Amino acid sequence: MAIPAVRGTAAGKRTQPPRLSFLRQSLTIASKDLRSELRTKEALNASFAFALVILLLFSFAFEPTAEQTRQIAGGLLWLVFAFAGALILNRSFARELPNDCLDALVAAPISGAALFAGKALANLALLAAVELVCLPVFGVFYNVPWTQQFWPLMLVLLLGTWGLTVIGTMFSALTVNLRLRELMLPMLVYPIMIPALLAAVQLTTPLIMGEPLTAELIPWLRLLAAFDIIFTALALALVETVLVR
Amino acid sequence: MRTKLMIAMAGIAALLLARNLYVILLELPDEAAQGAIYRIIFFHVPAAWTAFLCFFAAMIASILYLVKKDLRHDAFAASATEVGLAFGAANLISGMIWARIIWGIWWTWDPRLTSMLVGWLIYAGYLMLRRAIEDPTERAKIAAVVSIFAFVDVPIIFFSIKWWRTQHPQPVVWAGGQMDPAMYNMLFMNWIPFLLLGAVLVMIRMNQERAQREIDAMRRYAHAM
Amino acid sequence: MNPVEVAGVWKFYGDYPALREISFEVEAGACMALLGRNGAGKTTLLRILGGLSRPDRGRVIVCGTQARDRAARHSIGILGHGISLYDELSAYENLTLFASMYGLREPKRTAMEWLERTGMDRVRDGLVREFSRGMRQRLAVARAFLHEPDVLLLDEPFTALDDRAISLLQTLLRDALAAGRTIVISTHQLREALELATHVALLVRGRLAYTGERTREMLEDTGWLYRQYGELQPGSARSPRG
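Analysis parameters
- Residue positions are given per chain, counting from 1 as you read along its sequence in written order.
- Chains and ligands are labelled sequentially in the order written, the chains with letters from A and the ligands with numbers from 1.
- In view of the model being predicted, local features appear only for residues whose pLDDT reaches at least 70, and side-chain atom pairs are presented and counted only at 80 or more, with totals across whole chains, interfaces and linings using the full set of residues.
- For the side-chain quantities, the full set of heavy atoms in the structure was used; hydrogens and water were omitted.
- Salt bridge criterion: a side-chain nitrogen from Lys or Arg within 4 Å of a carboxyl oxygen from Asp or Glu.
- For each residue, the accessible area found with a 1.4 Å probe, counting protein chains only, is set against the maximum for its type, and the residue is called buried under 20%, exposed over 50%, and partly exposed in between.
- Secondary structure elements follow DSSP: runs of H or I no shorter than four residues count as helices, runs of E no shorter than two count as strands, and numbering proceeds from the N terminus.
- Whether two residues touch is decided by their heavy atoms; if any such pair falls within 4.5 Å, the residues are in contact.
- By this rule, a helix spans an expected 1.5 Å times one less than how many residues it contains.
- Being paired, for any two strands, means DSSP has found at least two bridges between them.
- Note on terms: buried area is the combined drop in 1.4 Å-probe accessible area of two parts once they are placed together, counting the loss on both.
- Polar contact is the term for a pair of N or O atoms within 3.5 Å; when the atoms are in protein, one must be able to donate a hydrogen and the other to accept it, and sequence-neighboring residues count only if both atoms are side-chain atoms.
- To qualify as a nonpolar core, a set must consist of buried Ala, Val, Leu, Ile, Met, Phe, Trp, Tyr and Cys residues joined through side-chain atoms within 4.5 Å.

**With respect to the pattern of salt bridges**
All names here are of chain A.
And step 1. All chains considered together, the criterion is met by 31 salt bridges over all chains.
And step 2. A salt bridge links Glu182 to Arg181; the shortest N-O distance between them is 3.5 Å.
And step 3. For Glu182, a relative accessible area of 46% gives the class partly exposed.
And step 4. Through salt bridges that share partners, Lys32, Asp33, Glu96 and Lys119 make up one connected network.

**Here we look at the environment of C:Ile183**
All names here are of chain C.
And step 1. Structurally, Ile183 can be placed in strand 8 (residues 182-186).
And step 2. It is 25 Å that separates the C-alpha atoms of Ile183 and Gln228, two residues lying 45 residues apart in sequence.
And step 3. Once you skip the residues sitting within four places of it in the chain, Ile183 turns out to touch Val26, Ala30, Cys31, Met32, Leu152, Leu154, Leu173 and Leu177.

**Some thoughts on helix 7 (residues 112-142) of chain A**
All names here are of chain A.
And step 1. Taking 1.5 Å per residue as the helical rise, helix 7 with its 31 residues ought to reach 45 Å, and the 43 Å between its terminal C-alpha atoms agrees with that figure.
And step 2. Burial runs high along helix 7: 22 of the 31 residues are buried.
And step 3. Asn143 sits one or two residues past helix 7 and shows a positive phi near 55°.

**Regarding the pairing of strand 7 (residues 151-155) of chain C**
Residue and element names in this part refer to chain C.
And step 1. Within strand 7, five of the five residues are buried, which leaves the element mostly enclosed by the surrounding structure.
And step 2. Along strand 7, one buried face is formed by Val151, Leu153 and Asp155 and the opposite face, lined by Leu152 and Leu154, is buried too.
And step 3. Of the strand pairs in this sheet, strand 6 (residues 76-79) and strand 7 are connected by four bridges, and their pairing is parallel. Directly across from Ile78, in strand 7, lies its bridge partner Leu153.
And step 4. Inspection of the sheet shows strand 7 paired to strand 8 by five bridges, in the parallel sense. When the bridges of strand 8 are listed, Val151 appears paired with Thr182.

**Some points on the interface of chain A and chain C**
And step 1. Across the boundary between the two partners, chain A contributes 39 residues, which contact 47 residues of chain C.
And step 2. Between chain A and chain C, roughly 4200 Å² of surface is buried when both sides are summed, and carbon and sulfur atoms account for 55% of that area.
And step 3. Counting the contacts that link chain A with chain C gives five salt bridges.
And step 4. Note that C:Arg68 is salt-bridged to A:Glu240, the shortest N-O span being 2.8 Å.
And step 5. Our count for the chain A to chain C interface comes out at 21 residue pairs in polar contact (both at pLDDT 80 or more).
And step 6. A total of seven residues in the side of chain A that touches chain C trace back to one element, the largest contributor, which is helix 2 (residues 22-40) of chain A.

**Details of unusual backbone geometry**
All names here are of chain A.
And step 1. The phi dihedral of Asn99 falls on the positive side, at around 65°, and the residue is not glycine.
And step 2. Looking at where Asn99 falls in the secondary structure, it is placed in the loop between helix 5 (73-94) and helix 6 (101-107).
And step 3. The backbone of Asn143 sits at a positive phi, close to 55°, despite the residue not being glycine.
And step 4. With respect to the secondary-structure elements, Asn143 resides in the loop between helix 7 and helix 8 (150-174).

**Describing the nonpolar core**
And step 1. Formed by 210 residues in total, the largest nonpolar core has its most connected members in A:Met170, A:Phe171 and B:Phe149.
And step 2. The element that contributes the greatest number of residues to this core is helix 9 (residues 181-208) of chain A, accounting for 16 residues.
And step 3. Leaving out residues up to four positions away in the same chain, A:Met170 has contacts with A:Phe116, A:Ala235, A:Leu238, A:Val239, A:Val242, B:Val145 and B:Phe149.
And step 4. Membership of the second largest hydrophobic core comes to eleven residues, among which are B:Val23, B:Ile24, B:Met183 and B:Leu187.

**Topic: the interface of chain A and chain B**
And step 1. The partner chain B presents 30 residues to the 30 residues of chain A that form the contact.
And step 2. Of the roughly 2600 Å² buried between chain A and chain B, counting both surfaces, carbon and sulfur atoms make up 83%.
And step 3. Among the ionic pairs, B:Glu138 bridges to A:Arg245, the shortest N-O distance being 3.8 Å.
And step 4. Counting the contacts that link chain A with chain B gives three residue pairs in polar contact (both at pLDDT 80 or more).
And step 5. When residues of the side of chain A that touches chain B are traced back to their parent elements, those giving at least two are helix 8, helix 9 and helix 10 (218-243) of chain A.
And step 6. Among the elements that line the side of chain A that touches chain B, the one with the most residues is helix 10 of chain A, at eleven residues.

Right, here's the structure in full:
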């Protein structure tokens, strides 16, 4: 087999290795993850199907036409997101295991933080996709006027989903080499997510019923934003230590 | 030397506890509103403080491990977390018994008790995770990160649950507002034997961790032969 | 200053030292064959060189910077046990991805060049999952070489490869050596590695038992070095490795 000679010499090739910005590195990883997920849609389909099943099951547990059920709408919705989202989040780093892809990613000249940010962004997009399909289904099943406060609801959805994503992605990285990964994750992830879930539930319930964001709900918005910022910072700071053995 | 220190500490703890029990049961009067059952608070509250201190110490040790990579810090973090879980369980159970007598229900979704339950679950997950990792160095690193995440989460959990519960009617704990100084001091007096007991338990667990590390290293030596 | 400098490196698993006091250097244009039984620490050492793992003690300098530094990772190419390619992506997408992660100026053109060089250009849009073993291996070789690394780390490269991939790899490695690059290769397949190697290092239970130039004796009798240190030759009938 004819192989063209390797170009140039090692010495004359470069002076300064090219440096990608943090954002470019993250977007490269995120688009890689999205592309390979969209090609098989394994996690996405499973997550969406699971979400539908839980929505259906809730209607047996809580009378779907009753007024009381609508008063816990936010809680129901976020439980669906947390359970269905876990199917996507758990796979985030596990998808790097076949063929030892994780080694190649960690060895590449991108920072662990950028790798984490890229994966979290991809997860955010996938989770948001599942949520945006669930919302109208929920609206139909439980007869709630969820479109009336559309943009505030989207803001809460974004902040809440980022909270779940940061914790889920970080624990996916932590447990990537564990045989019992799937068994460990729910026990670790859900209790830690409680403040984010609680805040998101408190905010979503009035919004989804068409009521505006009142002043007494603002502390919850702050709490949610604080949760996101604190754990994003913590994850970005620690993920390099986690990935380099 | 270390064993002697442990025995001495355990002995002091036992003496103090006996003296405190005498005062709590025989000298202090019944509380006006609650009657005799209020005495459980002398165990309930110090247990919570001790558990909290254990989790805090575990986080500090975890940070130290990540900085220094010394497995003794990891052993301390694991031991303190286990002891913290034991005191946390004592806090939860005594709180439930008290609630059952005073309010007639086992669980009232009190913010502090509920936060303790959430924290307890997180740290139980931490111990489960430790058990699932074979390589001691990898286990130490991952556990340290989880411990930091857990302790940072504890205040956020507390405030979120507190806000959540203030939207609902709150059960009143002390009808008369201030606690009697003699009773208040007793909380701290009884905290001392709790702390000593906690320290002794952590030391025992750390010895076991060290032995475990030695056994593990010997097994690896044997496999390498 | 040599491209690979290892000084006093220790790595522990718990209290067990997997690597003990490892010190060696590899010159530019040299190929170091890392020999030793399974569990001797070859993979651990290569992972530390590649920045996948940190030493507990000691210093590892690759091309003038600490091993985990971005610049060091940039000048390293790794070929490990797995192919490190994504099954759901095409050959072209895989190579473009790695080319852009390494910050190459024209990732798409580089990917096409390497597809041609490895004879994979006709199946550029085929998914890796659909490829035969040999094709996947050639693509993995392209993935490791496409950013023209100054230091190549290869972990048991010849054990899994088919003939065509071996000849591709050998040609690329010879060219790399001729161009003054550095290679560290861990191996059981003594002959292929020793023909290429200019230097040899033997790891025995985490300790560096021997380092030096590869001699003619080693080429003629591949078990020679192992016997010098009381080690059974890997692959022999009495070898304890599983």
